[in-house]
Amino acid sequence: MRCEQIRVENFRNIEKASLTFGPGVNVLIGNNAQGKTNLLEAIYYTALGRSFRQAHDGDMLRFGSAYACLSNDFSDSLRRQNITMRFTGDRRRRHVEQNRVRIEKMSDVVGVFRVVLFCPEHLSLIKDGPGIRRGFMDVALSQLYPLYLQSLQRASQILKQRGKLLRDAASDRSVFEKTGEFWSLQFARECALISSYRAAYIRKISGYVAEIFGEMTDQKEIPQIVYRSSSGLAAEEIEDTGRVEKKYISLLTTRTDREIFAGATLWGIHRDDMEILLNGNPARIFASQGQQRSLALALKLSEGEICREKCGGDYPVFLLDDVLSELDAERQSYLLCRTGGKQVIMTTCDFGAAENKNIPDAHLIRVENGCYTEVKEGTGCVSDRWQQ
C-alpha cells in the first residue's frame, strides 16, 4: 500500500499543503513544532477517522478556521483510490467521501487505507498499563476486520449504558433490575466476539514477535505474548465464543452486588490485557529498558507483517514519528534495514538520522512552520542539500 499524495487544508498549523511521497522511505526533516507530526496525524486521520493524539476534531482546526479538509490519494496492488474528509468542531457535521462517493459512517472506510504508527509513546507498550496495549490491539484489528470494529463500537455504547445503570442502582436498585439483565446479555455477546478476535491475533503476533526479537538478540532470549481475559478463561479457551459468552453471562448476572458497590462493570473486554513475557517472566518487571524497546519495536513490525499476510501481500504504510531519536544505533539500523518493500513516512529533527547509510535513497522533505519543501537530490550530505 502506498500513500501517493496528501492534500491538507486548515489542519493544525498547516494552512494549505500538497505533498507527493515516494514508494520507499520519505523523511520529514525540520526543527521541533514545525508541522512534521501534524502531517503524520493528517495521514493517520484518513485511515482511522481520529487522531493518535487523543484530540477532538475541533482541536485539529487551524486557529481561526471554520473547517479542515484532508484528501488522500493512495493505492494498493489492485487500484488507486481516494479518501476525502471535511470536518468542523462538530463531529456530526463531518463529511467523508471514498472515491467521490459519500460515506455515512467513518467506520465504513476504516481498513481501506491501512497504516502502522510507531511513535515514542509506543515504546511504553511493555511497561505501561493495559489500556495502551488494548489500544494497540483495537487499532490493528479494526483495520483488518470490519466486524471487530462494529462490535467494539457496540460494546462501548453498551458499557456506558450499563455503567450508568449501576451507578443509579446505588440509590435505587430497581433501576438496574428493570433492564440490567438485557444489557448484560448484550455486553456478554460482544465481549465474546471481541475476545475471540483478540486471542487469535495475539496467538499469531506472538510468533512474529519471537522471530523479529530473535533476530535482534541473536536468539538469546525468548519472548511470548499471552492474552489475559477478565473472564478467567485460559488463552486457548477464549477463541471459543460460545464458551466465553456463557462465562461472561454468569459473571455479569450473578455478581451485580459488587458492581453496584463499585459503580462500574467489573468484567469485560475493557479489563483485558495482553501480557508480554521474556524468558517466561513479565517483561514489564524483568526486562531492561533496552529489551523493552526491542519488544515494542518487534510488536510494531509484527503488526505490519500480519496486515500484509491478511491483505494479500500489501504492507500498510508505516508512519514513524521521531522514533529514531529514541532508539540506539543498533535498533535504528535494524528498523531501517527492514524498510525494504514498504512505504515509510518518518519524521526527524536529526540530520544525521536522515543521512543514515541504510536509507541512501530517501525522499527528503523540509518542514518549516507548516510549509513543506522537497529537498533536491544531488551530491553532498543532507545538511548541504538542506541549505539549497
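What you see is a predicted model, and the numbers here were worked out from it, not measured in a lab. (Residues numbered from 1 in each chain as written. Predicted model: local features only at pLDDT ≥ 70, side-chain atom pairs only at ≥ 80, totals over all residues. Heavy atoms only, no water.)

1. Quick notes on the confidence of the model for the protein
Applied cut-off: Residue-level confidence of the predictor is summarised by pLDDT, bounded by 0 at the bottom and 100 at the top. Contacts are assigned to residue pairs with any non-hydrogen atoms lying within 4.5 Å of each other.
Per-residue confidence for the protein averages 91 on the pLDDT scale, and 94% of its residues sit at or above 70. Residue range residues 378-388 is modelled with pLDDT below 50. Its contacts to residues more than four positions away, or to other chains, number 23 contacts.

2. Looking at the sheet that holds strand E7 (residues 101-103)
Short version of the rule: Two strands make a pair as long as DSSP finds a minimum of two bridges between them. A run of DSSP states H or I qualifies as a helix once it reaches four residues; a run of E qualifies as a strand once it reaches two. Both are numbered from the N-terminal end. Fitted lines through C-alpha atoms give the axes, limited to the stretch in contact for helices. The angle between two N-to-C directions lies from 0 to 180 degrees.
The antiparallel open sheet is built from six strands, whose spatial order is E2-E1-E4-E5-E6-E7. Every other strand in the sheet has two partners, leaving strand E2 (14-20) and E7 as the edge strands with one partner each. On average, each strand axis in the sheet is tilted by 15° relative to the strand beside it, whichever way the strands run. Bridge count for strand E4 (residues 68-75) against strand E5 (residues 80-87) is eight bridges, and the pairing is antiparallel. Note that in E5 the partner of Phe74 across the bridge is Gln81.

3. Concerning the sheet that holds strand E12 (residues 317-321)
In space, the six strands of this open sheet follow the order E8-E12-E13-E3-E14-E15, with mixed pairing throughout. Because the sheet does not close on itself, it has two edges, and the strands there are strand E8 (115-118) and strand E15 (371-374). Adjacent strand axes in the sheet meet at a mean angle of 20° when their direction is disregarded. As judged from the four bridges shared by E12 and strand E13 (residues 344-348), these two strands associate in the parallel manner. Bridge pairing links Leu320 to Met346 in E13. Against the sheet, helix H8 (residues 289-310) touches E8 and E12, its axis set at about 170° to E8.

4. Details of the environment of Lys178
One can find Lys178 in helix H4 (residues 174-217). Each C-alpha atom of the pair Lys178 and Gln5 lies 54 Å from the other, and the pair is 173 residues apart in sequence.

5. Some thoughts on the nonpolar core
How we decide: The set of buried Ala, Val, Leu, Ile, Met, Phe, Trp, Tyr and Cys residues whose side-chain atoms join them within 4.5 Å is what this entry labels a nonpolar core. Here's how the labels work: a residue is buried when its accessible area is under 20% of the maximum for its type, exposed when over 50%, partly exposed in between, all with a 1.4 Å probe on protein chains only.
Ranked by size, the top nonpolar core spans 70 residues in total, and within it Tyr201, Ile205 and Leu299 carry the most contacts. For this core, the element with the most residues is H4, which contributes 15 residues. If you look at the next biggest cluster of nonpolar residues, it comprises 46 residues, including Cys3, Ala42, Tyr44 and Ala47.

6. Re the layout of surface pockets
The condition is simple: Of the grid points, spaced at 1 Å and generated over the protein atoms alone, those admitting a 1.4 Å probe that cannot get out make up cavities, while open sets with protein on both sides within 12 Å along at least five of seven lines make up pockets; any residue with an atom within 4 Å of a point is treated as lining. Grid points are joined across faces, edges and corners, and a volume is the space filled by probe spheres set on the points. Under this grouping Gly is polar, as are all residues other than the nonpolar Ala, Val, Leu, Ile, Met, Phe, Trp, Tyr, Cys and Pro and the charged Asp, Glu, Lys and Arg.
Quantified by volume, the largest pocket comes out at close to 1500 Å³. Every residue lining the largest pocket is counted, 44 residues in all, and those nearest its centre are Leu48, Arg50, Ser51, Gln54 and Arg91. Contributions of two or more residues to the lining of the largest pocket are made by helix H1 (36-48), helix H2 (130-144), helix H3 (146-169) and H8. When residues in the lining of the largest pocket are grouped by element, the largest group, seven residues, is from H2. For the lining of the largest pocket, the residue count by class is 16 nonpolar, 15 polar and 13 charged. At the level of elements, H2 and H3 are the ones that each hand at least two residues to the lining of the second largest pocket.

7. Structural notes on the pairing of strand E3 (residues 25-29)
Two faces belong to every sheet, and in a regular strand the side chains alternate between them. Counting buried positions over the five residues of E3 gives five, a clear majority of the element. Residues of E3 alternate between two faces, with Val25, Val27 and Ile29 on one and Asn26 and Leu28 on the opposite face, all of them buried. Of the strand pairs in this sheet, E3 and E13 are connected by five bridges, and their pairing is parallel. Across the sheet, Ile29 pairs through a bridge with Thr348, a residue of E13. Pairing of E3 with strand E14 (residues 363-368), which is carried by four bridges, proceeds in the parallel orientation. Paired with Ile29 across the two strands is Arg366, which belongs to E14.

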